[in-house]
Amino acid sequence: MRLAEPAWISGESGGHGMLGGVTIAPLMLGKHAVRPPVVLAPMAGITNVAFRRLCREQGGGVYVCEMITTRALVERIPKTLKMVAFAEDEDFRSLQLYGVDPDVTARAVRMVGEDGLADHIDLNFGCPVPKVTRRGGGSALPWRRKLFGRIVRQAVEAARPYGIPVTIKMRKGIDDDHLTYVEAGLIAQEAGVAAVALHARTAEQRYSGKADWDAIATLKQALDVPVLGNGDIWEGSDALRMVEQTGVDGVVVGRGCLGRPWLFADLEAAFTQGAGYQPVLPALGEVAKIMSRHAELLVDALEDEKHGCADFRKHVAWYLKGFPIGGELRRALAMVSSLAELDDLLAKLDPSVPFPEEALGQPRGRVNAPGKVSLPYGWLDSRDDDSVPEGAEMENSGG
């Protein structure tokens, strides 16, 4: 259920609200006011049209599709074009592009504008996955500052005739000895981006340890454009703390919503009511209803019940994390092949079981160890080499 739109963000230009002594304004991306200032991060295999709809039913924000590679888009690879599909009621279509070649990126952006594929483009400079960084892409790319600047500048210029705001998402740097986030933020700002999002970890950290919110505060102080903070937003209260500690203009949520799409209702309540809000803690019966809804949306999106249910399986453990459920029933739910089978199994759950409060504030999804970042040969030798690495472009979208 959607919460009522709060008064402090009503009106064409929005208003301002006080959250624990911090003044919050709606996040503006071009002419679009993001209410509340919350962004769902693109996640491979997760943020498809079904999951985005499920989250939008809970609360407001920007809901970004899975990462799309520029090469696959301009070559009109059928699988990629299907991933770019948005629901008719998505009134602000947000698409994240990954590319290493400035010219290909510009072509992809023009295609988005010409074909009316999206209303907002985010550029990925944060992915730490080895198959991406070893090509010089993702979180490795800002180290080559001239190449990074060319990509961002050409993307912004290509998007301008269509009125499409361009943002970037990045990490602190490759590792603690190769930090790039402040310089990259300034370069992106000069290029004309609408906002900059920082996942406050290095590529070497991957998803381990704690996010460095002090780095987010440093970036916010350095830039004039809106800054979004990403990292360790598990509850609505975390978003309020991040805003208070760093002064950011909004938050980006990734793993925190896995198996918890109602987190967006929690975030909307937090940004509406401030520190005195009450978090959303659904009992097991309510969780079961959302699980059923999620599976139905996946079946509709994939137009195939077997494939939709198979795609849903990976979400089961996230939804049931912390609930006292027997191993046999858990295994059965993680192997469902039809909606009827899923509903029969969900009916065996005790709907009165309260949400496990010990699971609050705990990491979800990937929690891996730090690892050496794979880079192209000689990548660290020169920051001003703006040549495109051979074989840098990827054809497979989604990460």
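A quick note: this is a predicted structure, and the numbers were derived from the prediction, not measured. (Residues numbered from 1 in each chain as written. Predicted model: local features only at pLDDT ≥ 70, side-chain atom pairs only at ≥ 80, totals over all residues. Heavy atoms only, no water.)

Enquirer: I'd like a description of helix H7 (residues 181-191), backed by residues and values.
Expert: Since the α-helix advances by 3.6 residues per turn, residues separated by three or four positions end up pointing in the same direction. Within H7 the residues assigned to the buried category are Tyr181, Ala184, Gly185, Ala188, Gln189 and Ala191. Down the axis of H7, the buried set is contained in an arc of 160°. They therefore lie on one face. At its buried positions, H7 is contacted by helix H6 (145-159), strand S10 (166-171), strand S11 (195-199) and helix H8 (213-222). Looking one or two residues past H7, Gly192 carries a phi angle of roughly 105°, positive in sign. (Buried < 20%, exposed > 50% of the residue type's maximum accessible area, 1.4 Å probe, protein only. Helix = DSSP H or I, 4+ residues; strand = E, 2+ residues; numbered from the N terminus. Arc of directions from axis to C-beta. Contact = heavy atoms within 4.5 Å.)

Enquirer: Give a description of the nonpolar core that names residues and reports values.
Expert: Ranked by size, the top nonpolar core spans 115 residues in total, and within it Val152 and Ile168 carry the most contacts. In terms of residue count, helix H11 (residues 284-302) provides more of this core than any other element does, nine residues in total. Not counting residues within four places of it along the chain, the set of residues in contact with Ile168 comprises Asp122, Leu123, Phe125, Phe148, Val152, Ala188, Val193, Ala195, Val196 and Ala197. Leu27, Ala41, Ala195 and Ala197 belong to the second-largest nonpolar core, a separate cluster that totals 13 residues. (Core = buried A, V, L, I, M, F, W, Y, C linked by side-chain atoms within 4.5 Å.)

Enquirer: Run through the UniProt feature "domain: DUS-like FMN-binding" (unreviewed entry) in the protein chain, naming residues and quoting values.
Expert: The feature "domain: DUS-like FMN-binding" (unreviewed entry), as given by UniProt, occupies residues 40-346 in the numbering adopted here. The span residues 40-346 is 47% helical and 11% strand by assignment, and the distance between its end C-alpha atoms comes to 27 Å. (UniProt positions renumbered as here; feature names shortened; annotations may be inferred.)

Enquirer: Report on the pattern of salt bridges, specifying residues and quantitative values.
Expert: Working definition: two side chains of opposite charge can pair if their charged atoms are close together. Under the definition given, this model contains 18 salt bridges. Residue Arg145 pairs with Glu183 through a salt bridge whose shortest N-O separation is 3.1 Å. A residue pair is termed long-range when its members are at least 10 positions apart, and Arg145 in helix H6 and Glu183 in helix H7 qualify at 38 residues. Judged by its relative accessible area of 26%, Arg145 falls in the partly exposed class. Notably, a salt bridge pairs Glu183 with Arg383, separated by 2.8 Å at the nearest N-O pair. Of this pair, Glu183 sits in helix H7 while Arg383 sits in the segment after helix H14 (339-346), placing them 200 residues apart in sequence. What makes Arg383 buried here is its relative accessible area of 16%. Through salt bridges that share partners, Arg145, Glu183, Arg383 and Asp384 make up one connected network. (Salt bridge = Lys/Arg side-chain N within 4 Å of Asp/Glu carboxyl O.)

Enquirer: Give me a negative patch on the surface: which residues, what numbers.
Expert: A cluster of acidic residues, Glu296, Asp300, Glu303, Asp343 and Asp344, forms a negative patch at the surface. Put simply, the parts of the chain that give the negative patch at least two residues each are H11 and H14. Tracing the backbone shows Asp300 in helix H11. We classify Asp300 as exposed; its relative accessible area is 58%. (Patch = residues over 30% accessible without salt bridge, like charges linked within 9 Å, V, L, I, M, F, W, Y side chains within 5 Å. Areas by Shrake-Rupley, 256 points an atom, 1.4 Å probe, with all protein chains shown as cover. Lys, Arg positive; Asp, Glu negative; His and termini not counted. Charge placed at Lys NZ, Arg CZ, Asp CG, Glu CD.)

Enquirer: I'd love a proper account of the pairing of strand S13 (residues 250-253), names of residues and values included.
Expert: Neither face of S13 is left uncovered, since the one carrying Gly250 and Val252 and the one carrying Val251 and Val253 both have all their residues buried. Across three bridges, strand S5 (residues 38-40) lies against S13 in parallel orientation. The residue of S13 that forms the bridge with Val39 is Val252. Alignment of strand S12 (residues 227-230) against S13, held across three bridges, turns out to be parallel. Bridged to Asn230 within S13 is Val252. The parallel pair S12 and S13 is bridged by helix H9 (residues 236-246), and the resulting crossover is right-handed. (Pairing = 2+ DSSP bridges. Right-handed = clockwise from strand over helix to strand, strands pointing away.)

Enquirer: Describe the sheet that holds strand S8 (residues 94-98), listing the residues and the values that go with them.
Expert: With parallel pairing, nine strands are arranged side by side in an open sheet as S6-S5-S13-S12-S11-S10-S9-S8-S7. The sheet terminates laterally at strand S6 (62-63) and strand S7 (68-69), the two strands that pair on one side only.

Enquirer: Which residues make up unusual backbone geometry, and what are the values?
Expert: Here the amide bond leading from Arg35 into Pro36 is cis, since omega sits at -10°, within 30 degrees of zero. Within the secondary structure layout, Pro36 lies in the loop between strand S4 (32-34) and S5. Phi at Asp232 is positive, roughly 65°, even though this residue is not glycine. In this structure, Asp232 sits in the loop between S12 and H9. Phi angles above zero are rare outside glycine, and Glu303 is one such case at about 55°. When you line up the elements, Glu303 lands in the loop between H11 and helix H12 (305-319). Taking the relative accessible area as the measure of exposure, Glu303 reaches 69% and is therefore exposed.

Enquirer: How would you sum up the packing of H6 against H7? Please name residues and give values.
Expert: A pair of packed helices can be characterised by two numbers: the angle between their axes and the separation between those axes. The contact between H6 and H7 brings their axes to 9 Å, and the two run at 30°. Relative to H7, the element H6 lies roughly parallel. When the axes of H6 and H7 are compared, the crossing they make is right-handed. Residues Arg145, Phe148, Gly149, Val152, Arg153 and Val156 of H6 touch H7, and the partners they reach there are Glu183, Ala184, Ile187, Ala188 and Ala191. Split into classes, the residues belonging to the contact of H6 with H7 amount to seven nonpolar, one polar and three charged. (Axes fitted to C-alpha atoms, helices over the stretch in contact; angles between N-to-C directions. Parallel < 35°, antiparallel > 145°, perpendicular 65-115°, else oblique. Left-handed = near helix turned anticlockwise from the far one by under 90°. Nonpolar A, V, L, I, M, F, W, Y, C, P; charged D, E, K, R; others polar.)

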